[in-house]
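Close look at the chain arrangement
Here are the chains, one letter per residue:
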Amino acid sequence: GLTGVSQSNTFIALSPPIVLCLRSVFPSLLNYDSDFGQSATAANYLLVCLVCAYFGFGRLLYTITQGKVKPPGTIMKSELKTEQNQSCSDVMSVGLVMNLLSASVLACPLVGVVPQLSVGHVPWLWTAGVFQLGMCVLCYRAMDTLAATFYGFTSLLKFAEGYSALLSLYSIQPFSPVPFPVVFAVLFSVLALFSCQKSLLDGLYQLFFVAYCISIAAQPQGFFQGGTQGVQGAIFVASAGVLFVTTFNMVSSTKIPTGQGHFKALVTRISSLTLRALDKDRHTPHLGCSKYADAEVLGHACNVLAAFAITATIGDRNPLTVLVLPWAVVAGGIYILLCGSVAFARGKTLESTAFILYGLMWTVWGLTRFGGLYSETRGFNVAVGIISFMMFNLLLTIAAIFLNVAWFVYAFTFQLILISFLLDAIGALPYGYDIGVTIIFGLVSFYCFLAHIFNSTFQSPQIPLGRPLVNLGGVGGGEGVCPHVPARKATSVQQIAEIMKNGGICGMPTDTVYVLVAACNRPDAVIKAYKVKKQAEDRPMSMWISSVKQLEPVRHLLSPLLLDFMEAAWPSSISMVIPRGPWLDIFGLGDAAKHIGTPQSIAIRSPDCAVATHLINLVGPIAVTSANPTGEADTTHHNQVYAKLGKKKVEGVLCDGPSPENIASTVVDCTKIETGQIGFFRVGLIPKSKVFQIFEEVKNRHSQGQINPAF
């Protein structure tokens, strides 16, 4: 009865675990009758293939016939698509199915289906890990940090489980460092607590994984012992229950209670706590147009895991037998590289550089020391490589003093770890030094993990990360950020309008990219905007109006054909270059008029943007320039305005998120419009054919004596 896009994904993803469970049940029920078990499994696979073929063929017919052919059970019920379904809950069921899959595999030895985990289980476990890593990325795109962190954690477990099963191929019995998984249990506990803000069901479900990590820590054989396999059986039952509730709430108008709102109700009773709104604005990108939420929570958590994992003592054992490699290489390497990529997309240059550098270091050191290569490569060559990493991290440490105290301590303690790597490579490591500095770095990482997950949940109080140790003037120099107000609120537009009326210059969204604006009747503001940009002579400022009606005082000085062309073409992403004349003096530009246009012409435009039009209606005609330093790329997000220009140059920003278009406007040459000809300085968002079509219609009306009644 599952319908819709997400439900079809759930159905397809449910097929492998169903078959696997039946494959396990038949032999056990019939006293290991392998012949019957194999036949039953083949029949199950055939059934799944037939059902999937029917569903796929039905969806294909529905698409090809444009909805005229509707095979039963394959049609989407779009009326059930709610706002909640448009988030990562669409794919949440797939992640739950992957938990079912891995739990069914790990519980097989407990019920006697197989004697123990073997290499044949690796594809199932790693497939679940890959799928859940994909769920992690999708949840970041859906701006759901908590769900992304959860699936990042569970996918790590899947890769570690698969690695343990893979060792059986080499007849190696894995050994789990007993204290270490407790660290993972603590991270899961914190995540479970904060996940209660979504629903109590999410928090309670994640507690099963806390118990799972504790069971791993309690037994040196880890995934191969009955305790962990028993907890996996409980996870299987819990995952099935959560999957049922999730899918039922997707397709039914009657909802099963999941405890939503209880966390918020509890917090509202505590006067000292203020909860942040649980929406996408919580993860507004620091710089640039980003489609991902902040990944620092997962990044710091992975550093905690990698740091505490390498404190394990190998002794006389084969390095491959000690379960450190998955945590050091997968968590410390691959996942931190992923978090670095997300931080880079969000414009966090230092954070992304640190994560990528540390991810590379964990990968290299993990493979070298715990991958069986250490004895062969130990010496001068390894030392030279570590020194190179130390030089890069030294630069990061210096840069961190301009960010905050937490990042400075973070980078500095990692430098101490690199020193321990260097001393170990040359055989001069003091006893206990490496374990000591690694634990310190792990604790610092845990503090950062806790601070980011707490601060993203509560607006006040905040766990302090510290101020910059060194303040710089201008951008990022510790000065207060200028007002950043949402464009969707009328009061915000009025606030920006007041700033402009008082001589301020502000950033504003448009139908293309963000621009820097000043009121034409405030010449001081226009001059200030010109100096901010240090305008190149080939890129003069332009003038914008809300509609042609704002040209009413000067209509007798402009061509009727030009006015009619403006009326027909605007509002739009078309800028018109018209002859300069005495009409410009009426708008109060004064001496600042020389900064608008060239001595012969001026560009004028009426944008196709409700926010910009409303602001111009309140302020009057405005002088406009691009909101970026001359020669740099256009500004496509409101956070870029302040980041690129700084508080001393911008006194307010009207925030509307990512720009709808990254293409500039089309600039039309109307200086010779009286001759019936127009040209183009630049072809942008509006194509030439469309502009010519509009102009020809206006010319035809003029030739027939039909002029604009507004004039």
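Residues numbered from 1 in each chain as written. Predicted model: local features only at pLDDT ≥ 70, side-chain atom pairs only at ≥ 80, totals over all residues. Heavy atoms only, no water.

For clarity, the threshold we go by: UniProt positions are given in the numbering used here, feature names are shortened, and annotations may be inferred rather than shown by experiment.
Under an unreviewed UniProt entry, the name given to the protein is Threonylcarbamoyl-AMP synthase, and the organism recorded is Poecilia formosa. As its UniProt record puts it under Subcellular location (unreviewed entry), the protein is described as follows: "Cytoplasm". On record in UniProt, under Catalytic activity (unreviewed entry), the comment for the protein is "L-threonine + hydrogencarbonate + ATP = L-threonylcarbamoyladenylate + diphosphate + H2O".

**Side note on the environment of R317**
The following threshold applies: Helix and strand assignments follow DSSP, with helices taken as H or I runs no shorter than four residues and strands as E runs no shorter than two, numbered in order from the N terminus. Here, two residues are considered to be in contact whenever any of their heavy atoms come within 4.5 Å of each other.
Of note, R317 is situated in the loop between α10 (296-309) and α11 (325-345). Among all residues touching R317, those that are not within four sequence positions of it are F175 and V322.

**Topic: a nonpolar patch on the surface**
Going by this rule: Note on patches: the residues involved have over 30% relative accessible area and no salt bridge, like charges join within 9 Å, and the nonpolar side chains Val, Leu, Ile, Met, Phe, Trp and Tyr join within 5 Å. Per-residue and other accessible areas follow the Shrake-Rupley method at a 1.4 Å probe size, with only the shown protein chains counted as cover for residues. A side-chain nitrogen of Lys or Arg and a carboxyl oxygen of Asp or Glu constitute a salt bridge if their distance falls within 4 Å. Remark: exposure states derive from per-residue accessible area (1.4 Å probe, protein chains only) relative to the maximum for the residue type, with buried under 20%, exposed over 50%, and partly exposed in between.
On the surface, a nonpolar cluster with roughly 930 Å² of combined accessible area is contributed by I387, M391, F392, L394, L395, I398, F402, V405, V409, L469 and V470. Contributions of two or more residues to the nonpolar patch are made by α14 (380-400) and α15 (405-425). Ranked by the residues each element gives to the nonpolar patch, the list is headed by α14, at six residues. For L394, a relative accessible area of 38% puts it in the partly exposed group.

**A look at the packing of helix α6 (residues 181-195) against helix α7 (residues 200-218)**
Operational definition: Axes here mean lines fitted to C-alpha atoms, for a helix over just the part in contact, with angles spanning 0 to 180 degrees between N-to-C directions. An angle counts as roughly parallel when it lies under 35 degrees, as roughly antiparallel when it exceeds 145, as roughly perpendicular when it falls between 65 and 115, and as oblique in every other case. Only Asp, Glu, Lys and Arg are considered charged, only Ala, Val, Leu, Ile, Met, Phe, Trp, Tyr, Cys and Pro nonpolar, and every remaining residue, Gly among them, polar.
Running from amino to carboxyl end, α6 crosses α7 at an angle of 175°, the nearest separation of the two axes being 8 Å. With respect to α7, the axis of α6 lies roughly antiparallel. The residues of α7 that touch α6, namely those facing P181, V182, F184, A185, F188, S189, L191, A192 and S195, are D202, G203, Q206, L207, F209, V210, C213, I214, I216 and A217. Tallied by class, residues from the contact of α6 with α7 come to 14 nonpolar, four polar and one charged.

**Structural notes on the environment of I439**
Note on placement: I439 falls in helix α16 (residues 433-455). I439 gets classed as partly exposed once you look at its relative accessible area, which sits at 31%. The sequence separation of I439 and V304 amounts to 135 residues, and the corresponding C-alpha distance is 8.8 Å. Setting aside chain neighbours within four positions, we find I439 in contact with F308 and T311.

**Quick notes on helix α5 (residues 145-166)**
Where we set the bar: Each helix should span, by expectation, one fewer than its residue count multiplied by 1.5 Å.
With 22 residues, α5 extends 31 Å from end C-alpha to end C-alpha; this agrees with the ideal 32 Å at 1.5 Å per step. Of all 22 residues making up α5, 21 are buried, and the element is well covered by its neighbours.

**Some details on the nonpolar core**
Heads up, the condition is: What makes a nonpolar core is a set of buried Ala, Val, Leu, Ile, Met, Phe, Trp, Tyr and Cys residues whose side-chain atoms join them at distances within 4.5 Å. Where each domain starts and ends follows an automatic or database-derived domain assignment.
Judged by nonpolar contacts, the single largest core of 122 residues is most densely connected at L156, F184, F188, W362, I386 and F421. When residues of this core are assigned to their parent elements, the largest contribution, 12 residues, is made by α5. Mapping this core onto the domain boundaries places at least three of its residues in each of domain 1 (84-275) and domain 2 (316-469). With 53 residues, the next largest nonpolar core counts I505, M543, M576 and F695 among its residues.

**Description of the pattern of salt bridges**
For the structure on display, the rule yields nine salt bridges. Note that R605 is salt-bridged to D511, the shortest N-O span being 2.3 Å. Of the two residues, R605 is situated in strand β8 (residues 601-605) and D511 in the loop between β4 (506-508) and β5 (515-519); the sequence distance between them amounts to 94 residues. Relative accessible area serves as the criterion here: at 8%, D511 is assigned to the buried category. A salt bridge links E696 to K699; the nearest nitrogen and oxygen atoms lie 3.6 Å apart. Of the two residues, E696 and K699 are both situated in helix α22 (residues 688-703); the distance of three residues between them amounts to about one turn of the helix. Classification of E696 by relative accessible area gives partly exposed; the value is 35%.

**Regarding the side chain of S659**
With respect to the element layout, S659 can be found in the loop between β10 (653-655) and β11 (666-669). Note on S659: relative accessible area 12%, which makes it buried. Once residues within four sequence positions are removed from consideration, S659 is found in contact with T512, V513, Y514, T635, T636 and H637.

**Concerning unusual backbone geometry**
A cis geometry characterises the amide bond from S460 onward to P461, with omega recorded as -5°. P571 follows W570 through a cis peptide bond whose omega is -5°. Within the fold, P571 resides in the loop between α19 (560-569) and β7 (574-579).

**Structural notes on the packing of aromatic side chains**
Worth spelling out the cut-off: Note on ring pairs: Phe, Tyr and Trp rings are taken, using the six-membered ring of Trp, and paired if centres are within 6.5 Å. Classes follow the plane angle, with under 30 degrees stacked, over 60 edge-to-face and the rest tilted.
Tallied over the entire structure, the rule returns 30 aromatic pairs. Here the aromatic rings of F153 and F188 are separated by 5.2 Å at their centres, their planes lie at 75°, and the arrangement is edge-to-face. Of the two residues, F153 sits in helix α5 while F188 sits in helix α6, which places them 35 residues apart along the sequence. One exposure class covers both F153 and F188, and it is buried. Plain terms: the ring middles of F454 and F458 are 4.8 Å apart, the flat faces sit at 40° to each other, and that makes the pair tilted. When sorted by exposure, F454 lands in the same class as F458, which is buried.

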